[in-house]
Amino acid sequence: MFQEDYLDEVAERKRRWKETTLKRSLERFGVERSPNQLYTPLDIPHHSFLSDVGFPGEYPFTSSTSSCFREADAFKNPRIYSGYGLAEDTRDYFKSMLTTGRGQAPFVAFDLPTQIGMNSDEPMARGEVGKTGVAVDSLRDFEIIYEAFVGDHDLDTLHSNWVMNAPANIILAMYLALGEQRGIPFDQLGCVVQNDILKEFVARGMYIFPPEPSLRLVRDTIVFCTRQMPLSEPIMMGGVQFREAGATGPETLGIALAHAAAYIQLGLDAGLGIDEFAPKLGFVSMGGSMEMLYEIALHRAVRRMWARLLRERFGARDPESWKFRTMRGAMIGNSATTAQRPLNNLTRTVIGAIASALSGGGGELHPGYDEPLGLGYSLEARQLMRDGERIIKQEAKLCDIIDPLAGSYYIEWLTDSIERDAWQVVEDIEKHGGAVACVESGYTKRRITRSAYEYQHKLETGQIVIVGVNRFLGENELEVLPSRAVPHPYDPARRQEAEDRQIAKLKALRKERDNGAVAASLARLKEAAGDQGVNTIPPLLEAVKTYATIGEITKALTEVFGEYREFERA
């Protein structure tokens, strides 16, 4: 906080600077106003280090949620979102990554039919089986995937991560069943379930049931994991998905925190204490843009917002509840990469990694330069991602200082501005009835769509520049293409043949299993689903153990919950 007489002196000196030094430069360049901006103590007159920034690892966590970073983290393999074709294909992929030292715990990508609870042999699944991820129709497929993880890599040694939302509890039940098969108790199983269904309604579209029963399933996950799976995280909320759908930075933060508040209320209404489960809540990321300083400020702002939300609104007392947990810090966002001149994406992602390092993050470099070229990163792209992080940490030493831009007049002003605008978004959502009401009315989706339109308009009119896409396209510009030194880790032939092979497997499964046991388990599941007071995970576990398929389980739940159709809303 600055003294009043000092601010008066700065204001006077700024006036003289504009009338002399700056004026002469503008006249020399023949322009009326400067294309550059300047920030001074006048822009943050009430700034306080202790209340607005604080020390790393302490409230309000503006600098960082960690007081220091382990040096060993600089040498860890990044967890790559992976999966394609059949379970056997993904299993072999994971085995290959582990054998070559590139593997970690699985971060599984599922195909679109699996993500919406649809069997691979349903007509609507045609052409999509095994394409955007691995096809999982039943526990049998799940068992095969995890054949890669045994011995020193067994379930009680790793933390699985699944990008799964509407049928998240079905996948969780499969994991529990697999743990039972291997004699591993539930409290020794660690996993991350994405399970953020509200963002599906407004950004991704991978929903099945209406909002209210969908949230009941999320409640069941939160309660079950809190009480029986203490090593697991019951929800990994979105942010990046809103950004990729077109939301502005403040809209992304505001929507994400409004949704988070709704999920927290589910746990509280179920009888959990806020500090029982809040430390296990996390976010994928807040996405990003190419504006490096903006992303630094945005990620400082969201850490502070989360801390205040948990402590001031929900009354959390455990400092672990106040920490904003995310898989990735600042980044450029996947949609910032381009199919045109794809090697330019390496430059872009390095800028994002620098933003991560300078915003109190770990300097993660993401995504790979070939993000827009197809499913899964090439080994060349992964090598460059890894080396980029190593250079940032080991050569440039950008992670040696936590939040080095703290105190910058511009960064502090921008952090405050983003936070203020994001809280306004939260307030707007609450005025419209809260997160769930805004999903049901379409308010949140309309807001994102409007921002997406405004961005696209600026892009098409040249107000936003993307190198090699809408500018610098002359005939003398070179299209520098990446070379391939090794085969892509996904076998293209297996991926192409995935659908027919998966349908044949599903047909054989139906002949081999005890169909009477399947029918009985589904009947008990429907009964449990009809009782709000019953947690659905135990009957889901029973159903998957009979090898009921994901489509059969979804159909049983749909008969109780109904199916959400966006354009049929009243």
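As shown above, the structure is provided for reference.
Residues numbered from 1 in each chain as written. Predicted model: local features only at pLDDT ≥ 70, side-chain atom pairs only at ≥ 80, totals over all residues. Heavy atoms only, no water.

**A look at the overall build of the chain**
Item 1. A tally of regular secondary structure across the chain gives 22 helices and six strands.
Item 2. For 570 residues, the compact-globule formula gives about 25 Å, and the C-alpha radius of gyration of the chain, at 25 Å, lands near that figure.
Item 3. Once the C-alpha set of the chain is aligned to its principal axes, its extents read approximately 90 × 55 × 50 Å.
Item 4. Residues counted as buried form 52% of the 570 residues belonging to the chain.
Item 5. Taking the contacts inside the chain whose residues are at least 6 apart along the sequence as the reference set, 77% of them involve residues at least 24 apart. (Helix = DSSP H or I, 4+ residues; strand = E, 2+ residues; numbered from the N terminus. Rg over C-alpha atoms; globule rule 2.2 N^0.38 Å. Buried < 20%, exposed > 50% of the residue type's maximum accessible area, 1.4 Å probe, protein only. Contact = heavy atoms within 4.5 Å.)

**Looking at the sheet that holds strand β4 (residues 190-193)**
Item 1. Taking strand neighbours across the sheet as the criterion, the four strands line up as β1-β2-β3-β4 in an open arrangement whose pairing is parallel. Every interior strand has two partners, whereas the edge strands, β1 (81-82) and β4, have only one.
Item 2. Pairing of strand β2 (residues 107-108) with strand β3 (residues 159-162) involves two bridges; the strand directions are parallel. Across the sheet, residue Phe 107 finds its bridge partner in β3, namely Asn 161.
Item 3. Packing against the sheet, helix α6 (residues 168-181) makes contact with β3 and β4, and its axis sits at approximately 170 degrees to β4. (Pairing = 2+ DSSP bridges. Axes fitted to C-alpha atoms, helices over the stretch in contact; angles between N-to-C directions.)

**What about the nonpolar core?**
Item 1. With 133 residues, the main nonpolar core has Trp 162, Trp 306 and Ile 553 as its most contacted residues.
Item 2. Contact partners of Trp 162, with chain neighbours within four places excluded, come to Val 108, Phe 110, Phe 142, Tyr 146, Ile 171, Leu 172, Tyr 175, Cys 191, Val 192, Val 193 and Gln 194.
Item 3. Of all hydrophobic cores here, the second largest spans five residues; its members include Ile 296, Ala 330, Ala 355 and Ile 411. (Core = buried A, V, L, I, M, F, W, Y, C linked by side-chain atoms within 4.5 Å.)

**So, the environment of Pro 123**
Item 1. With respect to the element layout, Pro 123 can be found in the loop between α4 (112-115) and α5 (139-145).
Item 2. As a C-alpha pair, Pro 123 and Ser 214 span 91 residues in sequence and 25 Å in three-dimensional space.

**Remarks on the packing of helix α20 (residues 515-529) against helix α22 (residues 550-561)**
Item 1. Where α20 contacts α22, the two axes come as close as 9 Å, and the packing angle between them is 35 degrees. The element α20 and its partner α22 pack so that their crossing is right-handed. Along its contact with α20, which presents Val 518, Leu 522, Leu 525, Lys 526 and Ala 529, the element α22 presents Glu 552, Ile 553, Ala 556, Leu 557, Glu 559, Val 560 and Phe 561.
Item 2. Considered class by class, the residues forming the contact of α20 with α22 number nine nonpolar, no polar and three charged. (Left-handed = near helix turned anticlockwise from the far one by under 90°. Nonpolar A, V, L, I, M, F, W, Y, C, P; charged D, E, K, R; others polar.)

**Considerations on the pattern of salt bridges**
Opposite charge on two side chains permits pairing when their charged atoms draw close.
Item 1. Per the counting criterion, the structure on display carries 42 salt bridges.
Item 2. Residues Asp 92 and Arg 494 are paired through a salt bridge, measuring 2.9 Å at the closest nitrogen-oxygen approach. Here Asp 92, found in helix α3 (residues 87-99), pairs with Arg 494, found in helix α19 (residues 492-512); they are 402 residues apart in sequence, far enough to count as distant.
Item 3. By relative accessible area, Arg 494 is classed as partly exposed at 28%. (Salt bridge = Lys/Arg side-chain N within 4 Å of Asp/Glu carboxyl O.)

**Some words on the pairing of β4**
Item 1. Residues Gly 190 and Val 192 line one face of β4 and the alternating positions Cys 191 and Val 193 line the opposite face, and both faces are buried.
Item 2. A crossover links β3 with its parallel partner β4, the connecting element being α6, and its sense is right-handed. (Right-handed = clockwise from strand over helix to strand, strands pointing away.)

**Focus: α20**
Item 1. With 15 residues, α20 should reach 21 Å at 1.5 Å per residue; the first-to-last C-alpha distance of 21 Å fits that figure.
Item 2. For α20, the complete set of buried residues consists of Val 518, Ser 521, Leu 522, Leu 525, Ala 528 and Ala 529. All buried residues of α20 project into a common sector of 120 degrees when viewed along the axis, lining one side.
Item 3. Elements in contact with the buried residues of α20: α8 (211-228), α21 (537-545) and α22.
Item 4. A side-chain oxygen of the first residue of α20 lies 3.1 Å from the backbone nitrogen of Gly 516; this N-cap is Asp 514. (Expected span 1.5 Å × (residues − 1). Arc of directions from axis to C-beta. Polar contact = N/O pair within 3.5 Å; in protein donor to acceptor, adjacent residues only side chain to side chain.)

**Observations regarding the packing of aromatic side chains**
Item 1. Summed over the entire model, instances satisfying the criterion amount to 26 aromatic pairs.
Item 2. An angle of 20 degrees between the planes, with centres 4.4 Å apart, marks the rings of Tyr 84 and Tyr 490 as stacked. Residue Tyr 84 is found in the loop between β1 and α3, and its partner Tyr 490 is found in the loop between α18 (443-460) and α19; the two are separated by 406 residues along the sequence.
Item 3. Ring geometry for Tyr 93 and Phe 94: centres 5.4 Å apart, planes at 55 degrees, overall tilted.
Item 4. Given the relative accessible area of 4%, Tyr 93 is considered buried. (Phe/Tyr/Trp six-rings, centres within 6.5 Å; stacked < 30°, edge-to-face > 60°.)

**A few points about the environment of Phe 242**
Item 1. Considering the arrangement of structural elements, one finds Phe 242 in helix α9 (residues 240-245).
Item 2. Residues Phe 242 and Thr 444 lie 202 residues apart in sequence; the distance between their C-alpha atoms is 9.9 Å.
Item 3. Not counting residues within four places of it along the chain, the set of residues in contact with Phe 242 comprises Lys 199, Val 202, Ala 203, Ala 247, Thr 252, Ile 255, Ala 256, His 259 and Ile 448.

**Structural notes on the environment of Tyr 490**
Item 1. Residue class for Tyr 490 comes out buried when judged on its relative accessible area of 4%.
Item 2. With 121 residues separating them in the primary sequence, Tyr 490 and Tyr 369 have C-alpha atoms 17 Å apart.
Item 3. A polar side-chain atom of Tyr 490 sits 2.9 Å from the main-chain amide nitrogen of Gly 83.

**What to know about unusual backbone geometry**
Item 1. The linkage connecting Tyr 59 with the following residue, Pro 60, adopts the cis geometry, with an omega of 10 degrees.
Item 2. Relative to the elements of secondary structure, Pro 60 occurs in the loop between α2 (49-53) and β1.
Item 3. A cis geometry characterises the amide bond from His 366 onward to Pro 367, with omega recorded as -5 degrees.
Item 4. In this fold, Pro 367 is placed in the loop between α14 (344-358) and α15 (379-395).
Item 5. Despite not being glycine, Arg 341 has its phi angle at roughly 45 degrees, a positive value.
Item 6. Phi is positive for Tyr 547, which is not a glycine, with a value near 70 degrees.
Item 7. By secondary structure assignment, the location of Tyr 547 is in the loop between α21 and α22.
Item 8. Here Tyr 547 falls in the buried class, since its relative accessible area comes to 18%.

**Brief notes about α21**
For an α-helix the count is 3.6 residues per turn, leaving residues at separations of three or four pointing the same way.
Item 1. Burial in α21 covers these residues: Ile 537, Pro 539, Leu 540, Leu 541, Ala 543 and Val 544.
Item 2. In the core, the buried residues of α21 are packed alongside α5, α6, α8, α20 and α22.
Item 3. Phi for Tyr 547, located one or two positions after α21, is positive at around 70 degrees.

**As for the state of the cysteines**
Item 1. A complete count under the given rule lists zero disulfides for this structure.
Item 2. Unpaired in terms of disulfides, Cys 191 finds its nearest cysteine sulfur in Cys 225, a separation of 5.6 Å. (Disulfide = S-S within 2.5 Å.)

**Description of the pairing of β3**
Item 1. Pairing of β3 with β4, which is carried by four bridges, proceeds in the parallel orientation. Of the residues in β4, the one forming a bridge with His 159 is Gly 190.

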